[in-house]
Amino acid sequence: MFGLARTGMSVIRALTSAGARVFAWDDQERSRREATASGANLVPFSQWPWDRIRALILSPGVPLTHPTPHGVVTAARKAGVEIIGDLEIFGREIGYSSVNSAPVIAVTGTNGKSTTTALIGHILAACGYTAEVGGNIGKPVLDLSPPGSRTVYILEVSSYQIDLSPGLAPDVSVLTNVAPDHLDRHGSMANYVSAKCRLLEQARRMVCIGINDPNSAYIYARFAGAKVEAAPISIGKVIERGVFVLDGILYDSRRSPSLKIADLKEAKHLVGVHNWQNAALAYAATLELVKDAKSIGAAIASFPGLPHRMEDVGSIRNVRFINDSKATNADAAERALVCFDDIFWIAGGLAKAGGIESLSPQFSRVRKAYLIGDAAPNFAKTLQGVDCELCGDLNVAVAAAYRDARRSRASAPVVLFSPACASFDQFRDYEHRGEVYRALVAELIAPAREAS
Ligand code: ADP
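This one's a predicted model, so the numbers in the text were calculated from it and none came from an experiment.

Conventions we followed
Residues numbered from 1 in each chain as written. Predicted model: local features only at pLDDT ≥ 70, side-chain atom pairs only at ≥ 80, totals over all residues. Heavy atoms only, no water. Pairing = 2+ DSSP bridges. Helix = DSSP H or I, 4+ residues; strand = E, 2+ residues; numbered from the N terminus. Axes fitted to C-alpha atoms, helices over the stretch in contact; angles between N-to-C directions. Contact = heavy atoms within 4.5 Å. Parallel < 35°, antiparallel > 145°, perpendicular 65-115°, else oblique. Left-handed = near helix turned anticlockwise from the far one by under 90°. Nonpolar A, V, L, I, M, F, W, Y, C, P; charged D, E, K, R; others polar. Buried < 20%, exposed > 50% of the residue type's maximum accessible area, 1.4 Å probe, protein only. Near = heavy atom within 4 Å. Polar contact = N/O pair within 3.5 Å; in protein donor to acceptor, adjacent residues only side chain to side chain. Domains from an automatic or database assignment. 1 Å grid on protein atoms, 1.4 Å probe; cavity = no way out; pocket = protein on both sides within 12 Å on 5 of 7 lines; lining within 4 Å. Points joined across faces, edges and corners; volume = space filled by probe spheres on them. Expected span 1.5 Å × (residues − 1).

### Side note on the sheet that holds strand E16 (residues 388–392)
Part 1 of the argument: One open sheet accounts for six strands, arranged E12-E13-E17-E14-E15-E16; its pairing is mixed. Edge positions in the sheet fall to strand E12 (311–316) and E16, since each of these pairs with one other strand and no more. If you compare each strand with its neighbour and ignore which way they point, the axes differ by 20° on average.
Part 2 of the argument: Both E12 and strand E13 (residues 319–323) contribute to a ladder of five bridges, which runs antiparallel. By the bridge assignment, Ile316 is partnered in E13 with Val319.
Part 3 of the argument: Set on the sheet, helix H14 (residues 394–407) makes contact with E12, E13, strand E14 (343–348), strand E15 (366–372), E16 and strand E17 (414–417); between it and E15 the angle comes to about 165°.

As structure tokens, then:
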């Protein structure tokens, strides 16, 4: 096993308990220390007995091909040892055992994977299934429970994991969308698209594909006449045979007459058009199992949402506070900005290439911007014509944004924390950043509640 974070440790536990002899290594001294404390057999990979090794299990974070293959990959290839990931072991040992096998739904795409995966899990749990949700979200797959009679596995799968899972053949594969991302690791857009295609091509019963972007539409076109059922999912456009959302209403036109399934505006924790896409995909992926469209609609409405993604963390009188810390780039922040009209926007952190110029069509929604972290001076330059305050850190920004939102004449002011930046200049990760925001808002809410 190479790469000893959460996934690596779950692989070691699973293989060791199955009687395998496992050699483990990681480039990071800290990970090695933690792995030793958990009883891993640490040996530098140059000293592994390569002629007796059955497989190299690679953490998805380790470069397989680009920018250059890691040394351990080169060593495995030289020795003719196969290179796989934890999902492949799952596929071989748990997901597809001929006895007791449980349906597997796999979700991939550039954006919306976690939300769609969690929503599918929520729908199935609400409809009486044992939903085992894992992969790139939550638990590593080898930590999921063995299948019972009502088990469905719902797996979030990154493109790196697809590269390491040649045999993974889900019952249902879901593709949310495809935009340029992680190209440093895939080498080119074509490689990235073909990784996503592979998961779909190996689906055994059905594929559900968001067709709003050109790459996904191209992938969907490849499924014309395929053996598996292919459901296209469209937002904002009627399609003749598929699932679509128009003005927040979810329709299914795969059979005639087309059916109105649900009003997605009732799903309070699925705010924004992008979340309607996630909801439509989740509906399409679960209908065949659940059979009852109404129950799915009700479950979508009761979805509690995921932390740090358009998360409503409270209100003080008419001022709403939204935690969208997961918005680590301009694209994601745009999804949040389009949802509101009177925004007191907290943004900044470690800048991403391209900055926030692409967001200029949405600047008219911003009453004032509160800028933090490394990116603040550059963001202020880009935000020409928008009132800006350089706040340094989140503490100062939350207080200032609330002060102004409270005083504003807007009827529904929103303090929106959607940073459009990575978090690493001031925080451990986006989760830590979102927790700090949530705590700062809670500190404001408590005295306000006492006073009222
Ligand atoms: P992922 O797991 O693929 O990163 P998430 O569900 O965690 O996706 O959402 C991360 C961010 O991506 C959200 O904050 C939102 O800005 C954006 N997003 C979510 N769903 C979609 C979608 N269907 N299309 C485009 N962007 C989306």
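### Some details on the packing of H14 against helix H15 (residues 430–451)
Each pair of packed helices can be described by the angle between their axes along with the distance between the axes.
Part 1 of the argument: The geometry of H14 relative to H15 is characterised by a closest axis approach of 10 Å and an angle of 45° between their N-to-C directions. Between H14 and H15, the crossing angle belongs to the class labelled oblique. The handedness of the crossing between H14 and H15 is right-handed. In contact with Leu394, Asn395, Val398 and Tyr402 of H14, H15 contributes Arg433, Val436, Tyr437, Leu440 and Leu444.
Part 2 of the argument: Broken down by class, the residue content of the contact of H14 with H15 amounts to seven nonpolar, one polar and one charged.

### Observations concerning the pairing of strand E6 (residues 172–175)
Part 1 of the argument: Judged by which residues are buried, E6 turns out to be covered on both faces: Val172 and Val174 on one side and Ser173 and Leu175 on the other are all buried.
Part 2 of the argument: Here strand E3 (residues 104–108) runs beside E6; their pairing, made up of four bridges, is parallel. The residue of E6 that forms the bridge with Val107 is Val174.
Part 3 of the argument: Sheet topology note: the E6/strand E7 (residues 206–210) ladder contains four bridges and is parallel. Residue pairing in the sheet places Val174 in a bridge with Cys208 of E7.

### Side note on the site of the ligand
Part 1 of the argument: Not every one of the 16 residues close to the ligand is listed here, only the nearest: Thr115, Gln277, Asn278, Arg309 and Lys326.
Part 2 of the argument: In the environment of the ligand, an oxygen atom lies 3.5 Å from a nitrogen or oxygen atom belonging to the side chain of Asp324.
Part 3 of the argument: Contact between the ligand and Arg335: a nitrogen atom at 3.2 Å from a side-chain N or O atom of the residue.
Part 4 of the argument: Of all elements in the fold, only helix H5 (113–126), helix H10 (273–290) and helix H12 (330–337) reach the threshold of two or more residues within the shell around the ligand.
Part 5 of the argument: When the residues that make up the shell around the ligand are grouped by side-chain class, the tally is one nonpolar, nine polar and six charged.
Part 6 of the argument: Two domains each donate at least three residues to the shell around the ligand, and these are domain 2 (88–301) and domain 3 (311–451).

### Side note on the layout of surface pockets
Part 1 of the argument: Computed from the structure, the second largest pocket encloses a volume of approximately 690 Å³.
Part 2 of the argument: In terms of lining residues, the second largest pocket is bounded by 23 residues, among which Leu15, Ala20, Arg54, Ala55 and Ile57 are the most central.
Part 3 of the argument: Of all the secondary-structure elements, those providing two or more residues to the lining of the second largest pocket are helix H1 (6–17), strand E1 (55–57), strand E2 (82–84) and helix H4 (86–95).
Part 4 of the argument: The residue makeup of the lining of the second largest pocket, split by class, is 16 nonpolar, one polar and six charged.
Part 5 of the argument: Residue-level mapping places the lining of the second largest pocket at the junction of two domains, with at least three residues from each of domain 1 (6–84) and domain 2 (88–301).

### Focus: the environment of Pro170
Part 1 of the argument: Tracing the sequence through the fold places Pro170 in the loop between helix H6 (159–163) and E6.
Part 2 of the argument: The class of Pro170 is buried, set by a relative accessible area of 0%.
Part 3 of the argument: Taking the C-alpha atoms as reference points, Pro170 and Met206, separated by 36 residues in sequence, lie 8.9 Å from one another.

### Description of the pairing of strand E10 (residues 249–252)
Here is the key point about a regular strand: its side chains alternate between the two faces of the sheet.
Part 1 of the argument: Pairing geometry for strand E9 (residues 243–246) and E10, over four bridges, is antiparallel. Within E10, the residue paired with Val243 across the bridge is Asp252.
Part 2 of the argument: Two successive antiparallel strands, E9 and E10, enclose a turn made up of two residues, where Asp247 displays a positive phi of approximately 50°.
Part 3 of the argument: With four bridges joining them, E10 and strand E11 (residues 259–263) adopt antiparallel strand pairing. By the bridge assignment, Asp252 is partnered in E11 with Leu259.
Part 4 of the argument: Where E10 folds back onto E11 in an antiparallel hairpin, the turn is made up of six residues.

### A few points about H1
Part 1 of the argument: End to end, H1 covers 17 Å across 12 residues, agreeing with the expected 16 Å (1.5 Å per residue, within 8%).
Part 2 of the argument: If you check which residues of H1 are buried, you get Gly8, Met9, Ser10, Val11 and Ile12.
Part 3 of the argument: Two residues or fewer after H1 comes Gly19, characterised by a positive phi angle close to 95°.

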